[in-house]
Amino acid sequence: MKVTDKITKPLTEAKYLNADNVDRYRGIMRIFYENYEKLKYWLYQEEVYAEMVRDPYFAEYRPEQCQQDLNALTEWKNLITIQDTRKVSSIEEFKNKKFRYQMSEYSVEIERLVLRLENLFIEGASLEPTLLERIRHSICRFNEMADVDTDTVYVWWKDLNNDFSRLNQNYQDYIRNLNSVKAEEMMKTKEFLVFKDKLVEYLRSFVKGLQKNVGVIEG
């Protein structure tokens, strides 16, 4: 490992995940992320507040609390602010500094990771034979890619690499699950017989997919 400034500096953008009032901060950031996915990048405080109180959990939430939370998230670099002067008609209104807020790039990636972690238990780790098929089909398009535009080549190459990386991650996660405490405990019970049969069938299916596709991939 080579120690750099990026490794040693604190990641303040992740502070909202474990700070006091974490429920409020995470609620706000999820609102921004959901709007980001809808291509709505800028939000006013009033819009954020309206979304928060829509849920009964935040029935007691107050506008001044929302302002404080937005200020904290801005200070931690989760949000980027810009003063909105489009509707200003007086010096007094300009002094009131009506802001619009946008997620920072770091925050977008953090929320994507958080969503992935939230769904990790549901998805689990798996050895997916269809990934091998996807990789084989992609590799078979090598010659075809010589005659297409660079944008198409880029998408094809990116998908191929993503599938390969995902296949590696999946097998690592699957082996980890087999070595988990839960798996060891189950092997001491009658449930292991059912688990064993399902495991054998699962691995047999993956090996069949491996045998069917690995020759083309290797070639």
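Worth saying up front: this structure is predicted, and the values here are computed from it rather than measured.

Within helix α3 (residues 45-53) the residues assigned to the buried category are Q45, V48 and M52. Within α3, the buried residues cover an arc of 65 degrees as seen down the axis, which keeps them to one side.

Moving on to the environment of A50. Topologically, A50 is positioned in helix α3. Judged by its relative accessible area of 35%, A50 falls in the partly exposed class. Taking the C-alpha atoms as reference, A50 lies 9.3 Å from P63; in sequence the two are 13 residues apart.

Per-residue pLDDT for the protein chain has a mean of 80; in total, 78% of the residues score no lower than 70. In the model of the protein chain, helix α7 (residues 120-123) stands out as the element of lowest mean pLDDT, 46, in contrast to helix α4 (residues 63-75), which has the highest, 95.

Looking now at helix α2 (residues 22-37). An ideal rise of 1.5 Å per residue puts 22 Å on 16 residues; α2 measures up with 22 Å between its terminal C-alpha atoms. Taken as a whole, α2 has its buried residues at R24, Y25, G27, I28, M29, R30, I31, F32, Y33 and N35. Looking one or two residues beyond α2, the residue adopting positive phi is L39, at roughly 70 degrees.

Before going further, it helps to examine the packing of α3 against α4. Where α3 contacts α4, the axes come no closer than 10 Å and their chain directions differ by 115 degrees. The two elements α3 and α4 meet at a crossing, and its hand is right-handed. Seen from α3, the contacting residues are Q45, V48 and Y49; seen from α4, they are P63, C66, Q67 and L70. A class-by-class count of the residues in the contact of α3 with α4 yields 5 nonpolar, 2 polar and no charged.

This part takes up the pattern of salt bridges. Any two side chains of opposite charge can pair, so long as their charged atoms come close to each other. Inspection of the entire model under this criterion finds 7 salt bridges. E111 is paired through a salt bridge with R30; the nearest N and O atoms lie 2.8 Å apart. Taken together, the residues span a long stretch of sequence, with E111 in helix α6 (residues 105-118) and R30 in helix α2 at a distance of 81 residues. Residue R30 is classed as buried on the basis of its relative accessible area, which comes to 19%. A salt bridge links R112 to E109, with the shortest nitrogen-to-oxygen separation between them at 2.7 Å. With R112 and E109 both in helix α6 and 3 residues apart, the pair spans about one turn of that helix. A relative accessible area of 46% places E109 in the partly exposed class.

A cluster of nonpolar side chains, namely M1, V3 and I7, defines an oily patch on the protein surface of about 380 Å² accessible area. Here V3 falls in the exposed class, since its relative accessible area comes to 53%.

With that out of the way, let us pick up the packing of aromatic side chains. Under the criterion given, the structure shown has 8 aromatic pairs. Taken together, a centroid distance of 5.0 Å and an interplanar angle of 75 degrees make the contact between Y25 and W76 edge-to-face. One end of the pair, Y25, is in helix α2; the other, W76, is in the loop between α4 and β2 (79-83), with 51 residues separating them in the sequence. The same class applies to Y25 as to W76, namely buried. Seen from their ring centres, Y33 and Y36 are 6.4 Å apart, and the 15 degrees between their planes marks the pair as stacked. Of this pair, Y33 and Y36 both sit in helix α2, 3 residues apart, which is roughly one turn of that helix. Accessibility expressed as a relative area gives 27% for Y36, which makes it partly exposed. Counting every residue linked through ring pairs, the aromatic cluster contains Y49, Y57, F58 and Y61. Here the guanidinium or amino end of R100 rests over the ring plane of W42, the centre of that ring lying 5.2 Å away.

In spatial order, the strands read β1-β3-β2; together these 3 strands make up an open sheet with antiparallel pairing. Whereas interior strands pair on both sides, the edge strands pair on one side only; in this sheet they are β1 (43-44) and β2. Note that β2 and strand β3 (residues 99-103) share 5 bridges and pair antiparallel. Residue pairing in the sheet places T81 in a bridge with Y101 of β3.

Calculation criteria
Note on numbering: residues in each chain are counted from 1, in written sequence order. Where local features are concerned, this predicted model is filtered to residues with pLDDT of at least 70; where side-chain atom pairs are given and counted, the filter is 80 or more; whole-chain, interface and lining totals use all residues. No hydrogens and no water enter the side-chain calculation; it runs on all heavy atoms of the structure. Using a 1.4 Å probe on the protein chains alone, a residue whose accessible area is under 20% of its type maximum counts as buried, one over 50% counts as exposed, and one in between counts as partly exposed. Each helix is a run of H or I in the DSSP string that is no shorter than four residues. Each strand is a run of E no shorter than two, and both are numbered from the N terminus. Arc, as used here, means the arc of the directions from the helix axis to the C-beta atoms. Per-residue confidence from the prediction method is given by pLDDT, with values spanning 0 to 100. How far a helix is expected to stretch is found by multiplying one less than its residue total by 1.5 Å. Axis definition: a line fit to C-alpha positions, over the contact stretch in the case of helices; interaxial angles, taken between N-to-C directions, run 0 to 180 degrees. It is the rotation of the near helix from the far one that decides the hand of a crossing: anticlockwise by less than a right angle makes it left-handed, clockwise makes it right-handed. The contact rule is simple, with two residues in contact once any of their heavy atoms fall within 4.5 Å. Gly is put with the polar residues, along with every residue not named as nonpolar or charged; the nonpolar set is Ala, Val, Leu, Ile, Met, Phe, Trp, Tyr, Cys and Pro, and the charged set is Asp, Glu, Lys and Arg. Here, a salt bridge means any side-chain nitrogen of Lys or Arg that lies within 4 Å of a carboxyl oxygen of Asp or Glu. Here a patch means residues that are over 30% exposed by relative accessible area and free of salt bridges, tied together within 9 Å if like-charged and within 5 Å if nonpolar (Val, Leu, Ile, Met, Phe, Trp, Tyr). Using the Shrake-Rupley algorithm and a 1.4 Å probe, accessible areas are obtained, with residue cover drawn only from the displayed protein chains. Ring pairs are drawn from Phe, Tyr and Trp, using the six-membered ring of Trp, whenever the two centres fall within 6.5 Å, and their geometry is named by plane angle: stacked under 30 degrees, edge-to-face over 60, tilted for the rest. In this scheme, Lys NZ or Arg CZ marks a charge over a ring once it lies within 6 Å of the ring centre and within 35 degrees of the ring normal. At least two bridges found by DSSP between two strands is the condition for calling them paired.

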